[in-house]
Amino acid sequence: MSEQISVGIIGASGYTGAELLRLSAQHPNFDICLATGDSMAGRRAADLYPSLVGAYPDLVFESFDVAAAEGLDLVFLGLPHEASMALAPQLVGKVGCIVDLSAAYRLRDTAQYPEFYGFEHAQAELLAEAVYGLPEFHREHLKGAQLIATPGCHVTAAALALKPLVDAGLIATSGISVNSLTGITGAGRTATEVNMFTSIDSNARAYGLLNHRHTPEIEQEIGAQVLFTPHHVPMNRGILATCTAPATNAASANAVMAALNDFYINEPFVSVIERPPETKSVLGSNAAHVSARYDARTGTVVVMCAIDNLTKGASGGAVQAANVALGIDEAAGLTTVGVAP
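For the structure given in this document, a descriptive report is provided here. Just so we're clear, the structure is a prediction, and the values are computed from it rather than from any experiment. (Residues numbered from 1 in each chain as written. Predicted model: local features only at pLDDT ≥ 70, side-chain atom pairs only at ≥ 80, totals over all residues. Heavy atoms only, no water.)

1. Let's talk about unusual backbone geometry
(1) Moving on: A cis amide bond, omega 0 degrees, links Ala340 with the succeeding residue Pro341.
(2) Moving on: Here Pro341 lies in the segment after α12 (311-326). (Helix = DSSP H or I, 4+ residues; strand = E, 2+ residues; numbered from the N terminus.)

The structure is reproduced here in structure tokens:
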């Protein structure tokens, strides 16, 4: 029998929480013991998300009580940034592993929080202990980690695309542009003027121009300066990051693809493909599809990555990092096969 891991999801009623419940239902080790959602307390999960009825016919969202989480093997935090920052210190040492899906512990430099998130970071010591939860870059540090900071969804796509080429010296470390398209679930479940049907249907919009909060996180992970421009587009799920960068003298068509292949040769969830990546190819999966082109005429490298923003970009990536931290099969509960057509 597989080892059972007691799991709590704090903030389970949002999109990332629902995705965590979906993935946990197919995970051979996870046993959901706690699912909180203060705004939905007392409501059945299957009433809010009918897709969950087969796995959780009787699960009811609870109000949060820190005592209810104590002793659990694994706790996911699907809360706003400042709420996670306040809660994590209360749980460290009282649960086996905390995986935070907010940005509360992502940035290494506390001085960046007021500029990009609008609050002072009050947990500098805990921030220094947190492990960035992208296994493709930080697998060894994740093993046995007690506090994991899951990457931003746009960051996952952009960093997976760019870091191999930066590391290989094939692109410059400045003058990089990241244009990222995201499904509207990236705007969250709460109804706003952005995510209402009449706003997003047949529409595309750029947002967060010049100073989007994911910018310092991308730069932190790839070791280069970027201009990041995200866009909402009329699809439910998915991210397509198209990144352009000045090529170095070492770049060529063969070199850029070889660098991607070498970097990801043993990675279970990253596929280097010849054709341009598409969001529908990774829908519902923890897969990342990456490809690149070298344009000799302009001296530019174009590198692309497609992921599902709720899976690899959030809850799936969180499960993957938790699997590594807990020493179980990294691919448990996750798939590389998207839903098509």
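2. Some details on the packing of aromatic side chains
(1) Moving on: Inspection of the entire model under this criterion finds six aromatic pairs.
(2) Moving on: Seen in terms of ring centroids, Tyr113 and Tyr117 are 5.7 Å apart; in terms of plane orientation they differ by 35 degrees. Their pairing is tilted. With Tyr113 and Tyr117 both in helix α5 (residues 112-117) and four residues apart, this pair spans about one turn of that helix.
(3) Moving on: Residue class for Tyr117 comes out buried when judged on its relative accessible area of 10%.
(4) Moving on: Here the aromatic rings of Tyr113 and Phe119 are separated by 5.6 Å at their centres, their planes lie at 40 degrees, and the arrangement is tilted. (Phe/Tyr/Trp six-rings, centres within 6.5 Å; stacked < 30°, edge-to-face > 60°. Buried < 20%, exposed > 50% of the residue type's maximum accessible area, 1.4 Å probe, protein only.)

3. Some thoughts on the environment of Thr311
(1) Moving on: Tracing the backbone through its elements, the reader meets Thr311 in helix α12.
(2) Moving on: A relative accessible area of 1% means that Thr311 is categorised as buried.
(3) Moving on: It is 9.3 Å that separates the C-alpha atoms of Thr311 and Val282, two residues lying 29 residues apart in sequence.
(4) Moving on: A polar contact is formed between the side chain of Thr311 and the side chain of Arg237, at a distance of 3.1 Å. (Polar contact = N/O pair within 3.5 Å; in protein donor to acceptor, adjacent residues only side chain to side chain.)

4. Some points on the pattern of salt bridges
(1) Moving on: According to the stated counting rule, one finds twelve salt bridges in the structure shown.
(2) Moving on: For Glu330, the salt bridge goes to Arg139, with nearest N and O atoms at 2.9 Å. Here Glu330 is found in the segment after α12, whereas its partner Arg139 is found in helix α7 (residues 135-142), with 191 residues between them in sequence.
(3) Moving on: Residue classification places Glu330 among the buried residues on the basis of a relative accessible area of 14%. (Salt bridge = Lys/Arg side-chain N within 4 Å of Asp/Glu carboxyl O.)

5. Considering the pairing of strand β2 (residues 30-36)
(1) Moving on: With respect to burial, β2 is a largely interior element, five of its seven residues being buried.
(2) Moving on: Here strand β1 (residues 5-10) runs beside β2; their pairing, made up of six bridges, is parallel. By the bridge assignment, Val7 is partnered in β2 with Ile32.
(3) Moving on: For the crossover that starts at β1, traverses helix α1 (residues 15-25) and ends in the parallel β2, the hand is right-handed. (Pairing = 2+ DSSP bridges. Right-handed = clockwise from strand over helix to strand, strands pointing away.)

6. Thoughts on the sheet that holds strand β9 (residues 226-232)
(1) Moving on: If you trace the seven strands from one edge of the open sheet to the other, you get β8-β9-β7-β10-β13-β12-β11, paired in mixed fashion. Every interior strand has two partners, whereas the edge strands, β8 (205-206) and β11 (270-272), have only one.
(2) Moving on: In this structure, strand β12 (residues 288-295) lies alongside strand β13 (residues 300-307), joined through seven bridges in antiparallel fashion. By the bridge assignment for β13, Tyr294 is matched with Val301.
(3) Moving on: Packed on one face of the sheet, helix α8 (residues 153-167) meets β7 (176-182), β9, β10 (239-246), β11, β12 and β13 and runs near 140 degrees to β13. (Contact = heavy atoms within 4.5 Å. Axes fitted to C-alpha atoms, helices over the stretch in contact; angles between N-to-C directions.)

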